[in-house]
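If you want the building blocks of each chain, they are given just below.
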Amino acid sequence: MERELRVSKIAEGTVIDHIDAGRALYVLKMLGLTGSEGLTIAVVMNVPSKKLGRKDIVKVEGVILRGDQVSKIALIAPSATINIIRNYEVVEKVKVSVPPLVEGLLRCANPSCITNQAGEPVRSRFHVVSVRPLRLRCEYCGAELSHEDVVSQLVGGRE
Amino acid sequence: MKGRDVITVLDFSRSEVERVFEETDAMQRALERGERLDVLRGFVMATAFFEPSTRTKLSFQTAMLRLGGSCIDLPPEELSSRAKGESFADTIRMLDAYADVIVVRHRLEGAARFAAEIAAHPVINGGDGTRDHPTQAMIDLYTVRKALGRIDGLVYGVLGDLRYGRAARSFILALTLFNPKKIYLISPPQLASRPEIIERIRERSIEYEEVRSLHEVISELDVLYVTRVQRERFPDPMEYEKVRGSYRVTAESLKGAKPNLVVLHPLPRVDELAYDVDATQHAWYFRQASFGVPLRMALLKLILRG
Ligand SMILES: [Zn+2]
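Residues numbered from 1 in each chain as written. Chains lettered and ligands numbered in written order. Predicted model: local features only at pLDDT ≥ 70, side-chain atom pairs only at ≥ 80, totals over all residues. Heavy atoms only, no water.

## As for the overall build of chain B
Right, on to step 1. Helices and strands together make up the secondary structure of chain B, namely 11 helices and nine strands.
Right, on to step 2. Against the 2.2 N^0.38 benchmark of 19 Å for 306 residues, chain B shows a C-alpha radius of gyration of 19 Å, consistent with a compact globule.
Right, on to step 3. Its C-alpha atoms give chain B principal-axis dimensions of roughly 55 × 45 × 40 Å.
Right, on to step 4. Burial statistics for chain B: of 306 residues in total, 57% are counted as buried.
Right, on to step 5. Long-range pairs, those at least 24 residues apart, make up 73% of the contacts in chain B between residues at least 6 apart in sequence.
Right, on to step 6. Looking at chain B as shown, the accessible area adds up to about 12,600 Å², and 49% of this sits on carbon and sulfur atoms.
Right, on to step 7. Distance between charge centres in chain B, computed from 44 positive and 43 negative side chains, equals 3 Å. (Helix = DSSP H or I, 4+ residues; strand = E, 2+ residues; numbered from the N terminus. Rg over C-alpha atoms; globule rule 2.2 N^0.38 Å. Buried < 20%, exposed > 50% of the residue type's maximum accessible area, 1.4 Å probe, protein only. Contact = heavy atoms within 4.5 Å. Areas by Shrake-Rupley, 256 points an atom, 1.4 Å probe, with all protein chains shown as cover. Lys, Arg positive; Asp, Glu negative; His and termini not counted. Charge placed at Lys NZ, Arg CZ, Asp CG, Glu CD.)

## A closer look at the domain arrangement of chain A
All names here are of chain A.
Right, on to step 1. Taken domain by domain, chain A consists of domain 1 (13–95) and domain 2 (101–155).
Right, on to step 2. Computed over C-alpha atoms only, the centres of domain 1 and domain 2 are separated by 24 Å.
Right, on to step 3. Each partner contributes residues to the interface: domain 1 has 11 residues there, and domain 2 has 11 residues.
Right, on to step 4. Between domain 1 and domain 2, a total of about 1,000 Å² is buried, with carbon and sulfur atoms accounting for 73% of that surface.
Right, on to step 5. Inspection of the domain 1/domain 2 interface yields one salt bridge.
Right, on to step 6. On the surface where domain 1 and domain 2 come into contact, there are four residue pairs in polar contact (both at pLDDT 80 or more). (Domains from an automatic or database assignment. Buried area = accessible area lost by both parts, 1.4 Å probe. Salt bridge = Lys/Arg side-chain N within 4 Å of Asp/Glu carboxyl O. Polar contact = N/O pair within 3.5 Å; in protein donor to acceptor, adjacent residues only side chain to side chain.)

## Concerning the interface of chain A and chain B
Right, on to step 1. In this assembly, 17 residues from chain A lie in contact with 15 residues from chain B.
Right, on to step 2. Interface of chain A and chain B: buried area, both sides summed, is about 1,300 Å²; carbon and sulfur atoms make up 47% of it.
Right, on to step 3. On the chain A side of the interface with chain B, the three residues burying the most area are I114(A), E120(A) and Y140(A), jointly 38% of the side's total.
Right, on to step 4. Applying the counting rule to chain A against chain B returns three salt bridges.
Right, on to step 5. Note that R137(A) and E199(B) form a salt bridge whose closest N and O atoms lie 3.6 Å from each other.
Right, on to step 6. Our count for the chain A to chain B interface comes out at 11 residue pairs in polar contact (both at pLDDT 80 or more).
Right, on to step 7. Within the side of chain A that touches chain B, the residues separate by chemical class into seven nonpolar, five polar and five charged. (Nonpolar A, V, L, I, M, F, W, Y, C, P; charged D, E, K, R; others polar.)

## With respect to the coordination of the zinc ion
Residues and elements named next belong to chain A.
Right, on to step 1. Around the zinc ion, the donor atoms from the protein are C108 (SG), C113 (SG), C138 (SG) and C141 (SG), and they sit 2.3 to 2.4 Å away.
Right, on to step 2. Here the zinc ion binds four donor atoms, and the angle range of 97 to 117° at the metal identifies the geometry as tetrahedral.
Right, on to step 3. The sequence pattern describing where the donors of the zinc ion fall on their chain is C-x4-C-x24-C-x2-C.
Right, on to step 4. When its relative accessible area of 4% is taken as the criterion, C108 is described as buried. (Donors = N, O, S within 2.8 Å, 3.2 Å for Na, K, Ca; no water. Tetrahedral: all angles 85-135°; square planar, octahedral: opposite > 155°, others 65-115°.)

Printed below as a string of structure tokens:
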């Protein structure tokens, strides 16, 4: 596997490592990458990992992630590390982290929450109850979002 | 406590709740003596009840007037004209410009917290959706303290709609600020307490048990908090008919209770609490209702004057 990864080494772009096994495709989908952009994309799934047991890796040639994309990755893959590659070298390595508060990014699941009221100038705000498993609690109504809810909002919302 | 919002009872520490209770004692003595108070003269309280509630609103208004303050109220026409355009946020901004404190009731959960973020003046939650009713919870615990001299070390039964009923929910949350001996959560499975409430009870290492009928536990209780099981919560009317009898409190169902069992109810009641309980020594709910004004007087004074 190591050899194979070296083969697909990229000149410039982003390597997202330590993605929870099985979630690489969610990460790609959330980033809006379908493969039709013409970018070179490598996806490796379910490889052995000391830290996670098994992990996924995503490599995207020619794309440097923005800050808001990094925070979304944290919600899907809380252990991910993001490596920025220039000229075949890792020039920056960032470990994502789930912020204590997630604002404006997700929708509350409770239809009678004030944040779902049309015409009110209110942004959703969740505080992170736990990272593994991911649980977010609405600061307004107390309703919780599970990891599955978060994934379906972030991934489904891109379509 | 000056300048504080009152959104959920958990915004308060135990000692702050006890401070409110001491002030309530003082207010009650003053009321009994027929004193005329003017500690809030010159202050204005706005009530914005987007959901009807005669009792809570009148109780807040009476409390303010008894302290020499004044009240303004968002009239029902205004609430209906809201449908034509003005947002809740803008209505709160307007009231914030007029009043020193705003009491909000709304059918949506989180409305009071949102109002508190908008308003510079303190906001008191008079009930938001199925979530919080912090002043009711304080009144309830104050009644227990009045009736039994303490809140700690007692066995509580909370009966009825523990899932959607904000009074029951807020009462349980308020109990977690203290050290009850045990809490029995008595409800049909569909109306059991939400996971976050159970989690809170566990975090505080309070003993609790979920049971399906009052009958099983009546002899152990020091306090029984009764709320209504509403027909609307049951998609199948047969299901409702099956369970309603088990959640109806009558003098008969209190046989076997401790002699000084305290029965509470947030009122108004429908048929979940029979009239024949009124004549028993357990009936504390009318006194409980009468504590609404002095407790809200205490809270308004502490928030506006410190
Ligand atoms: Zn919410």
